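What follows is the residue order along each chain.
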Amino acid sequence: MARWFGIPRGRSARKADKGEADPGSGRGRGPGSGETAGAAVGAGAGAVSGDGEPLGAADELRLAYGRTGDPALLRRAVRLAERARDHYPADDPHHATSLSTLCMLYRLRWERERDVRLLDRSLAYGRQAVDTSPPGDPELARHMSSLGTSLQEAFDHRGRPADIDEAIGLYRACLDLLPPGPERASQQSNLANSLLRRVQREPDPATLEEALAHARKALNATPADHPDHPIRLVNLGGALMLRALAGSPAHAAQAQAMYEQALREFPPSHPARPGIQRTIQRLRLLRGTSGT
């Protein structure tokens, strides 16, 4: 699911939180498809003091958690983000940012602990962040994206159509706000994955075609040397595979090509590789059965 460990969340960081899955997980995100953020970079957890401006310190701890998986760091990050929430007045953009940070942090706790109360708190904070974001806030798209990611988690857990519909609406709103560039491509990928979730639950050719279109645009906007390029290949491959399974077997060859290229681009130790290899084998069997 969403793991946004490598990008600082401060005001100068413009990369959006991602609502995409682990490639090859098959967990409600298309057949073997999804997207994860790159590995965290920077100093080890020992370099994190937790002092200074609370949002920045919370972000350092989040990054350290991504590197180490130490739950104590995550709990400290939550406490600092709560301090920031209480410190900034409601009309200060930092207040909405602190709420959005809490949305993400509680989602990370949910992913680790699987206590649904944590997911509910993530959703509540995400909605508060969107609702309290002041007019013209340049971080609004980020707040909507973070809430969308939590809604995807909620849909995966509960299966309520309203959750994925709300996520789709949020990602569409992000696209209305964002100019062409890496952040827009990320949101197009998020939207594609949300649409694929809906298609898997409620098959609909028009929704599948829209998902394919957004997955293609996201891939086309991603340079070949970008760390997200193989992830975007997997996302498009998953959409093409669903198209093949929906009655267009000719798309199986295109899907297989996407997965094979992604396999060449992922490093040998990447955790997505086994799932991608299984998906490629499934596509080979599908093509053999259909004669394509």
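Refer to the structure above for everything that follows.
Structure report, in brief. (Residues numbered from 1 in each chain as written. Predicted model: local features only at pLDDT ≥ 70, side-chain atom pairs only at ≥ 80, totals over all residues. Heavy atoms only, no water.)

1. Things to note about the overall build of the protein chain
- Counting its regular elements, the protein chain contains 11 helices and zero strands.
- When its helices and strands are written in sequence order, the protein chain yields α-α-α-α-α-α-α-α-α-α-α.
- Counting only residues that meet the buried cut, the protein chain has 54% of its 292 residues in that class.
- Excluding contacts between residues fewer than 6 apart, the proportion of contacts in the protein chain whose partners are at least 24 apart in sequence is 63%. (Helix = DSSP H or I, 4+ residues; strand = E, 2+ residues; numbered from the N terminus. Buried < 20%, exposed > 50% of the residue type's maximum accessible area, 1.4 Å probe, protein only. Contact = heavy atoms within 4.5 Å.)

2. Some remarks on the packing of helix α10 (residues 251–265) against helix α11 (residues 273–290)
- Direction vectors running N to C along α10 and α11 enclose 155°, while the axes themselves pass 9 Å from each other. In terms of their interaxial angle, α10 and α11 are classed as roughly antiparallel. At the point where α10 passes α11, the crossing takes the left-handed sense. Across the interface between the two elements, Ala252, Ala253, Ala255, Gln256, Tyr259, Glu260 and Leu263 from α10 touch Arg273, Ile276, Gln277, Thr279, Ile280, Leu283, Arg284, Leu286 and Arg287 from α11.
- For the contact of α10 with α11, the per-class residue count stands at nine nonpolar, three polar and four charged. (Axes fitted to C-alpha atoms, helices over the stretch in contact; angles between N-to-C directions. Parallel < 35°, antiparallel > 145°, perpendicular 65-115°, else oblique. Left-handed = near helix turned anticlockwise from the far one by under 90°. Nonpolar A, V, L, I, M, F, W, Y, C, P; charged D, E, K, R; others polar.)

3. Looking at the side chain of Thr97
- Inspection of the secondary structure puts Thr97 in helix α3 (residues 93–113).
- The buried category is assigned to Thr97, whose relative accessible area is 14%.
- Here Thr97 is in contact with Leu55, Glu139 and His143, once residues within four sequence places are set aside.

4. Some thoughts on helix α1 (residues 54–68)
- For α1, which comprises 15 residues, the first-to-last C-alpha distance of 21 Å matches the rise-based estimate of 21 Å (1.5 Å per residue) to within 8%.
- Of the residues making up α1, those classed as buried are Pro54, Leu55, Ala57, Ala58, Asp59, Leu61, Arg62, Leu63, Ala64 and Tyr65.
- Two or three places before Leu55, at the opening of α1, Glu53 has a side-chain oxygen 3.1 Å from that residue's backbone nitrogen.
- Positive backbone phi, at 75°, marks Gly69, one or two positions downstream of α1. (Expected span 1.5 Å × (residues − 1). Polar contact = N/O pair within 3.5 Å; in protein donor to acceptor, adjacent residues only side chain to side chain.)

5. Thoughts on the pattern of salt bridges
- Enumeration over the complete set of coordinates arrives at 14 salt bridges.
- For Glu139, the salt bridge goes to Arg142, with nearest N and O atoms at 2.6 Å. Of the two residues, Glu139 and Arg142, neither departs from the other in class, the shared state being buried.
- The salt bridge partner of Arg232 is Asp228, with a shortest N-O separation of 3.6 Å. (Salt bridge = Lys/Arg side-chain N within 4 Å of Asp/Glu carboxyl O.)

6. Considering unusual backbone geometry
- Phi angles above zero are rare outside glycine, and Arg114 is one such case at about 60°.
- Along the polypeptide, Arg114 turns up in the loop between α3 and α4 (116–132).

7. Observations regarding the environment of Arg75
- In this fold, Arg75 is placed in helix α2 (residues 71–87).
- You can call Arg75 partly exposed: its relative accessible area is 39%.
- Residues Arg75 and Tyr65, spaced 10 residues apart in sequence, show a C-alpha to C-alpha distance of 9.7 Å.

8. Observations concerning the packing of aromatic side chains
- In total, this model carries one aromatic pair according to the counting rule given.
- Note on Tyr106 and Tyr125: the rings are 5.7 Å apart at their centroids and 25° apart in plane angle, and the pair reads as stacked. Taken together, the positions of Tyr106 in helix α3 and Tyr125 in helix α4 put the pair 19 residues apart, joining distant regions of the chain.
- Its relative accessible area of 8% is what places Tyr125 among the buried residues.
- Against the face of Trp110 rests Arg114, its NZ or CZ located 3.9 Å from the ring centre. (Phe/Tyr/Trp six-rings, centres within 6.5 Å; stacked < 30°, edge-to-face > 60°. Lys NZ or Arg CZ within 6 Å of the ring centre and 35° of its normal.)

9. Topic: the nonpolar core
- If you look at the biggest cluster of nonpolar residues, it comprises 68 residues, and the most contacted ones within it are Leu105, Leu236, Phe266 and Ile276.
- The greatest single-element share of this core, amounting to nine residues, is contributed by helix α9 (residues 229–245). (Core = buried A, V, L, I, M, F, W, Y, C linked by side-chain atoms within 4.5 Å.)

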